[in-house]
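Breakdown of the fold
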Amino acid sequence: MATSSPCVVISDEEQGYDLDLFCIPKHYASDLERVYIPHGLILDRTERLAREIMREMGGHHIVALCVLKGGYKFFADLLDYIKALNRNSDRSIPMTVDFIRLKSYCNDQSTGEIKVIGGDDLSTLTGKDIIDTGKTMKTLLQLLKQYNPKMVKVASLLVKRTPRSVGYRPDFVGFEVPDKFVVGYALDYNEYFRDLNHICVISETGKEKYKA
Ligand code: HPA
Ligand code: MG
């Protein structure tokens, strides 16, 4: 396994928080089990990732590539923190952005088939929401090779501990999480729950209600 910087490890025993302790959109009230990673914690961790990325990438021009749709919140917040560092420190990184869309999930299962849409300026990479098995990421990296990038670095907000993992580990990781299906902060279940700030565990009611 490649070396990567340490991350926040969420244990298998972590129960998260009662929904009533946080603000949840009313339309999802019965579709969620628990708040798993509150929005504020996501932002605080992302702020630190921005610093690590700056430290490692300082001096290079980077093309920040967002893997849509699930990565859009993480990408936007991560870039905001990098931009703040660029404004306020001696060193700054020139950045351009690009977007690519990948789709491989139906309900809470991978279909095994990966659809790639978009992306025209592929030379360096960051910004995926979640690395589950790592299969999608491996496929994407293979695809990026065709563009002969000088360097490719991957930042993922979440990495799952799962026996289905192909052993892929990104360069920058926000949280290592148990093998549960999570939603919110742009992560979806059949396109639902992207409009939720916190990362939450979906309930059986939710799974049934939004089943494809
Ligand atoms: N949530 C949402 N999308 C996903 C997940 C998950 O836990 N794993 C892979 N894609
Ligand atoms: Mg999805």
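Residues numbered from 1 in each chain as written. Chains lettered and ligands numbered in written order. Predicted model: local features only at pLDDT ≥ 70, side-chain atom pairs only at ≥ 80, totals over all residues. Heavy atoms only, no water.

With that settled, consider the environment of Gly58. Relative to the assigned elements, Gly58 resides in the loop between helix H1 (39–57) and strand E3 (62–68). Put simply, Gly58 and Pro94 are 36 residues apart on the chain and 9.2 Å apart in space, counted from C-alpha to C-alpha. Not counting chain neighbours up to four residues away, the residues in contact with Gly58 comprise Ile53, Arg91 and Ile93. (Helix = DSSP H or I, 4+ residues; strand = E, 2+ residues; numbered from the N terminus. Contact = heavy atoms within 4.5 Å.)

Moving on, we come to the nonpolar core. In globular proteins that are soluble, nonpolar side chains generally tend to be buried together. Core analysis: the biggest nonpolar cluster contains 27 residues, and Ile37, Leu78, Leu157, Leu158, Val182 and Ile199 have the highest contact counts within it. For this core, the secondary structure elements donating two or more residues are strand E2 (32–37), H1, helix H2 (72–88), strand E7 (155–160), strand E8 (172–177) and strand E10 (199–202). Considering each element in turn, this core owes the most residues, 7 residues, to H1. When sequence neighbours within four positions are dropped, the list of residues in contact with Leu78 reads Thr46, Leu49, Ala50, Ile53 and Ala155. (Core = buried A, V, L, I, M, F, W, Y, C linked by side-chain atoms within 4.5 Å. Buried < 20%, exposed > 50% of the residue type's maximum accessible area, 1.4 Å probe, protein only.)

A separate point is the packing of H1 against H2. In the contact formed by H1 and H2, the axes pass within 9 Å of each other and the chain directions differ by 55 degrees. In this view, H1 runs oblique relative to H2, as classed from their interaxial angle. Between H1 and H2 the crossing geometry is right-handed. Where H1 abuts H2, its residues Leu43, Thr46, Glu47, Leu49, Ala50, Arg51, Ile53 and Met54 lie against Phe74, Asp77, Leu78, Tyr81, Ile82, Leu85 and Asn86. Each residue belonging to the contact of H1 with H2 can be placed in one class, and the counts come to 10 nonpolar, 2 polar and 3 charged. (Axes fitted to C-alpha atoms, helices over the stretch in contact; angles between N-to-C directions. Parallel < 35°, antiparallel > 145°, perpendicular 65-115°, else oblique. Left-handed = near helix turned anticlockwise from the far one by under 90°. Nonpolar A, V, L, I, M, F, W, Y, C, P; charged D, E, K, R; others polar.)

A separate point is unusual backbone geometry. The linkage connecting Leu68 with the following residue, Lys69, adopts the cis geometry, with an omega of -5 degrees. Inspection of the secondary structure puts Lys69 in the loop between E3 and H2. Even without being a glycine, Tyr185 presents a positive backbone phi close to 55 degrees. Residue placement: Tyr185 occurs in the loop between strand E9 (182–183) and E10. Note on Tyr185: relative accessible area 2%, which makes it buried. In this model, Phe193 sits at a positive phi of 75 degrees, which is unusual for a non-glycine residue. Using a relative accessible area of 0% as the deciding quantity, one classes Phe193 as buried.

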